Amino acid sequence: MSDLTNPIFTNEDKAREHLEAIRWPDGPVCPSCGFGNTVKPLGGKSMGPGWYHCGSCREKFTVRVGTVYERSKIPLHKWLLATHLICASKKGMSAHQLHRMLGITYKSAWFMLHRIREAMRDDNPGPMGGPGEFVEADETYIGKRDKKRTLKTDGTPFLKSGKAAQRVPVVSLVSGGKSRSFAVSRANTATIREILVTNVDRATELHTDEAPMYVKIGDEFKAHKTVNHSRHEYVRKDGVTTNRVENFFSVFKRGMRGVYQHCREKHLQRYLDEFDFRYNNREITDAERRDAALKGIEGKRLTYRRTAVWANV
Ligand SMILES: [Zn+2]
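**A word on the overall build of the protein**
Here is step 1 of the chain: When helices and strands are counted, the protein shows 10 helices and 8 strands.
Here is step 2 of the chain: Within the protein, contacts between residues at least 6 apart in sequence are counted, and of these 62% link residues at least 24 apart.

So, in structure tokens, the structure goes:
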């Protein structure tokens, strides 16, 4: 059976049962009080299937309550199909494409995609690296390309006014096959240091290019090794490279060019969350990746991650 003929994408009961099995592997749990043993299905015809009643707090609920699918009129099977499609598409999926494929409005498709990106966000990522490990760090710019870049004294590339100034810096970390990415107001020493010290274990070896803003930050980690791109060095003899983080950027940029042409700066972090999620779950099947995203629908609110970084905008 090919993935897309799975009845969870066409049959509402099958979709609900699939989601219930993922969210509640040991039976339904009340989203208000957290109890499971006091929960009974509500059989009444007026309610329809999928409703439960909690005997301890007397709340009624379905599997959508407390997830990013809550308060949506879109059937669950369309949510599951949309989640599957975005998980299975290496470069992502535009709201226009989803609108056509699912037969829903463009506006609905746009909101669905942002909620699915929320589900993909890892809220408790834990530190990267550690003793004997290394983290590759690099920065790039998303948006229209300015013609020539020069470095300011603090290491920030000089951004021209006008359209060129719309470029948004992105900082990514890659370690142990996992990526973590941040949209920032400026990729200078202060913001990059903040990202590194809050995400990377200090016992880690830091691998970067020769960009000046990493020089001081490097002292705060076990070691700091650089590849000298201006001398066309990409992999050192001792294996030090930033190729992995650069490969992540190239997939992200191809996706942003081809699929997400109208991404606004304020949404960039969500697209980064989406690309991080696919990168971090790349060695499993599309169906497994979809189910991993379904596990993330719970307890998310539509807020931006790491507001401290965003507050600088
Ligand atoms: Zn309850």
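**Some details on helix α7 (residues 243-258)**
Here is step 1 of the chain: Taking 1.5 Å per residue, 16 residues should reach 22 Å; α7 reaches 22 Å between its end C-alpha atoms and fits that length.
Here is step 2 of the chain: Listing the buried residues of α7 in full gives Val245, Phe248, Phe249, Phe252, Gly255 and Met256. Buried residues of α7, seen end-on, are gathered within an arc of 130° and therefore sit on one face of the element. Looking at α7, the residues exposed on the side facing more than 90 degrees away from the buried face are Ser250, Arg257 and Gly258.
Here is step 3 of the chain: Those residues of α7 that are buried are in contact with β4 (134-142), β5 (168-175), β6 (178-183) and α8 (268-280).

**Thoughts on the sheet that holds strand β1 (residues 39-41)**
Pairing between the strands of a sheet comes from backbone hydrogen bonds, and it takes one of two forms, parallel or antiparallel.
Here is step 1 of the chain: The 3 strands are arranged β1-β2-β3 in an open sheet whose pairing can be described as antiparallel. In the strand order of this sheet, the two ends are held by β1 and β3 (60-61), each with one partner.
Here is step 2 of the chain: Strand direction decides the pairing type here: strand β2 (residues 52-54) and β3, joined by 2 bridges, are antiparallel. Residue Tyr52 lies in a different strand from β3, and its bridge partner there is Phe61.

**Let's talk about the sheet that holds β6**
Here is step 1 of the chain: Taken in spatial order, the 5 strands make up an open sheet running β6-β5-β4-β7-β8, and their pairing is mixed. Among the strands making up the open sheet, the edge pair consists of β6 and β8 (223-227). Between one strand axis and the next, the sheet turns through 25° on average, direction left out of account.
Here is step 2 of the chain: Of the strand pairs in this sheet, strand β7 (residues 205-209) and β8 are connected by 5 bridges, and their pairing is parallel. Counted as the bridge partner of Glu205 is Ala223 from β8.
Here is step 3 of the chain: Its contacts with the sheet put helix α5 (residues 189-199) on β4, β5 and β6, and the angle it makes with β5 is roughly 30°.
Here is step 4 of the chain: Running at roughly 175° to β6, α8 makes contact with β4, β5 and β6 of the sheet.

**Examining α5**
Here is step 1 of the chain: Taken as a whole, α5 has its buried residues at Thr191, Ile192, Ile195, Leu196 and Asn199. Along the long axis of α5, the arc covered by the buried residues comes to 130°, so they all point the same way. Facing away from the buried surface of α5 by more than 90 degrees, the exposed residues are Val197 and Thr198.

**Section: the packing of helix α2 (residues 76-88) against helix α3 (residues 95-102)**
Here is step 1 of the chain: Contact pair α2 / α3: the axes reach a minimum separation of 11 Å and the direction vectors enclose 135°. Comparing their axes, α3 and α2 come out oblique. Crossing angle aside, the handedness with which α2 passes α3 is right-handed. The segment α2 lies against α3, with Lys78, Leu81, Ala82 and Leu85 engaging Leu98, Met101 and Leu102.
Here is step 2 of the chain: When its residues are assigned to classes, the contact of α2 with α3 shows 6 nonpolar, no polar and 1 charged.

**Focus: the nonpolar core**
Here is step 1 of the chain: In terms of nonpolar packing, the biggest core is built from 34 residues, with Val135, Ala137, Val170, Val171, Ala183 and Ile192 touching the most fellow members.
Here is step 2 of the chain: Elements with a minimum of two residues in this core: β4, β5, β6, α5, α6 (213-218), α7 and α8.
Here is step 3 of the chain: In this structure Val171 touches Ala137, Glu139, Phe182, Val184, Ala187, Ile192 and Ile195, once residues within four positions along its chain are discounted.
Here is step 4 of the chain: Counting 30 residues, the second largest nonpolar core, distinct from the first, contains Ile8, Ile86, Met112 and Met120.

**Let's talk about the packing of helix α1 (residues 12-23) against α2**
Here is step 1 of the chain: Packing of α1 against α2 leaves a shortest axis separation of 8 Å and a crossing angle of 65°. As α1 packs across α2, the resulting crossing turns out to be left-handed. Across the interface between the two elements, Glu12, Ala15, Arg16, His18 and Leu19 from α1 touch Leu76, His77 and Leu80 from α2.
Here is step 2 of the chain: Residues belonging to the contact of α1 with α2 are distributed by class as follows: 4 nonpolar, 2 polar and 2 charged.

**Side note on the pairing of β5**
A regular strand carries its side chains on alternate faces of the sheet.
Here is step 1 of the chain: Where burial is concerned, most of β5 is hidden: 8 out of the 8 residues are buried.
Here is step 2 of the chain: The alternating pattern of β5 places Val168, Val170, Ser172 and Val174 on one face and Pro169, Val171, Leu173 and Ser175 on the opposite face, and all of these are buried.
Here is step 3 of the chain: Across 7 bridges, the pairing between β4 and β5 is antiparallel. In the strand pairing of β5, Asp138 is matched with Ser172.

Reading the values: the criteria
- Residues numbered from 1 in each chain as written.
- Predicted model: local features only at pLDDT ≥ 70, side-chain atom pairs only at ≥ 80, totals over all residues.
- Helix = DSSP H or I, 4+ residues; strand = E, 2+ residues; numbered from the N terminus.
- Contact = placed C-beta atoms within 7 Å.
- Expected span 1.5 Å × (residues − 1).
- Buried ≥ 20, exposed ≤ 12 C-beta atoms within 10 Å, placed from the backbone.
- Arc of directions from axis to C-beta.
- Pairing = 2+ DSSP bridges.
- Axes fitted to C-alpha atoms, helices over the stretch in contact; angles between N-to-C directions.
- Parallel < 35°, antiparallel > 145°, perpendicular 65-115°, else oblique.
- Left-handed = near helix turned anticlockwise from the far one by under 90°.
- Nonpolar A, V, L, I, M, F, W, Y, C, P; charged D, E, K, R; others polar.
- Core = buried A, V, L, I, M, F, W, Y, C linked by C-beta atoms within 7 Å.

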